[in-house]
Amino acid sequence: MPRSVIFAALTAFVLMLGIGVLFPVLPFLTRDLGIPDAQAGWLLASYPLASFLASPFWGRFSNARGRKPALVVGLVGYSLGFILFGFGQTLGQLLAARVLGGLLSAAALPALFAYVADVTSPEKRSSGMGALGAGLGLGVTLGPELGWLTYAAYGFRAPSFVAGAIGLAHA
């Protein structure tokens, strides 16, 4: 498998790692801040909803400006959203961080899929897309474990900062 496809799968892994990193921590963090459980659900839903809404824009951006700029915007936006979330003290701040992170990180996934299509031959494309899917699945699977381990060792806010640092290191 080409190194470029492996890099794309690793990037997909990093992006999905952040989706799950807050799952084990969010109930404890929101209760600590006095945020009702019903509103905590919005914190989980806002990131993927914002990404869903922004993805078509970022797909066009990737086609017009190139894959690399979209990937960098996506990874930096991902990191920014998680770091801001780590500093958030109110529902509004936490929600704004999740929405911002979702809107900006959405730049990366369309670019990743297009990139894999660009660098693979038609005969190898399905295996390249499969590697991308494996990175996505592994990230979603291991994100909660990373969240729990960093929370257990360093507290409520640590998973956000760790996810942000991983995204920046990968950008």
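Please read all numbers here as calculations on a predicted model, not as lab measurements. (Residues numbered from 1 in each chain as written. Predicted model: local features only at pLDDT ≥ 70, side-chain atom pairs only at ≥ 80, totals over all residues. Heavy atoms only, no water.)

Caption draft 1: Region of interest: a nonpolar patch on the surface. Together, Phe28, Trp148 and Leu149 make up an exposed nonpolar region whose accessible area comes to about 330 Å². For Trp148, the position within the fold is in helix 7 (residues 125–154). Classification of Trp148 by relative accessible area gives partly exposed; the value is 42%. (Patch = residues over 30% accessible without salt bridge, like charges linked within 9 Å, V, L, I, M, F, W, Y side chains within 5 Å. Areas by Shrake-Rupley, 256 points an atom, 1.4 Å probe, with all protein chains shown as cover. Salt bridge = Lys/Arg side-chain N within 4 Å of Asp/Glu carboxyl O. Helix = DSSP H or I, 4+ residues; strand = E, 2+ residues; numbered from the N terminus. Buried < 20%, exposed > 50% of the residue type's maximum accessible area, 1.4 Å probe, protein only.)

Caption draft 2: Spatial organisation of the packing of aromatic side chains. Evaluated as defined, the whole model comprises nine aromatic pairs. Judged by centre distance (5.0 Å) and plane angle (65°), the ring pair of Phe87 and Phe161 falls under edge-to-face. Of this pair, Phe87 sits in helix 4 (residues 67–87) while Phe161 sits in helix 8 (residues 158–170), and the two are 74 residues apart along the sequence. Phe161 gets classed as partly exposed once you look at its relative accessible area, which sits at 29%. Across the ring face of Phe85, the terminal group of Arg98 is positioned such that the distance to the ring centre comes to 6.0 Å. (Phe/Tyr/Trp six-rings, centres within 6.5 Å; stacked < 30°, edge-to-face > 60°. Lys NZ or Arg CZ within 6 Å of the ring centre and 35° of its normal.)

Caption draft 3: Spotlight on helix 5 (residues 91–105). Taking 1.5 Å of rise per residue, the 15 residues of helix 5 would be expected to cover 21 Å, and the 21 Å separating its terminal C-alpha atoms lies within 8% of that figure. Regarding helix 5, the residues found buried are Leu94, Ala97, Arg98, Gly101, Gly102 and Ser105. In a view along the axis of helix 5, the buried residues occupy a sector of 125°, so they form one face of it. Where helix 5 is buried, its residues touch helix 2 (26–33), helix 3 (37–65), helix 4 and helix 6 (108–119). (Expected span 1.5 Å × (residues − 1). Arc of directions from axis to C-beta. Contact = heavy atoms within 4.5 Å.)

No statement about biological role is implied by the geometric values presented.
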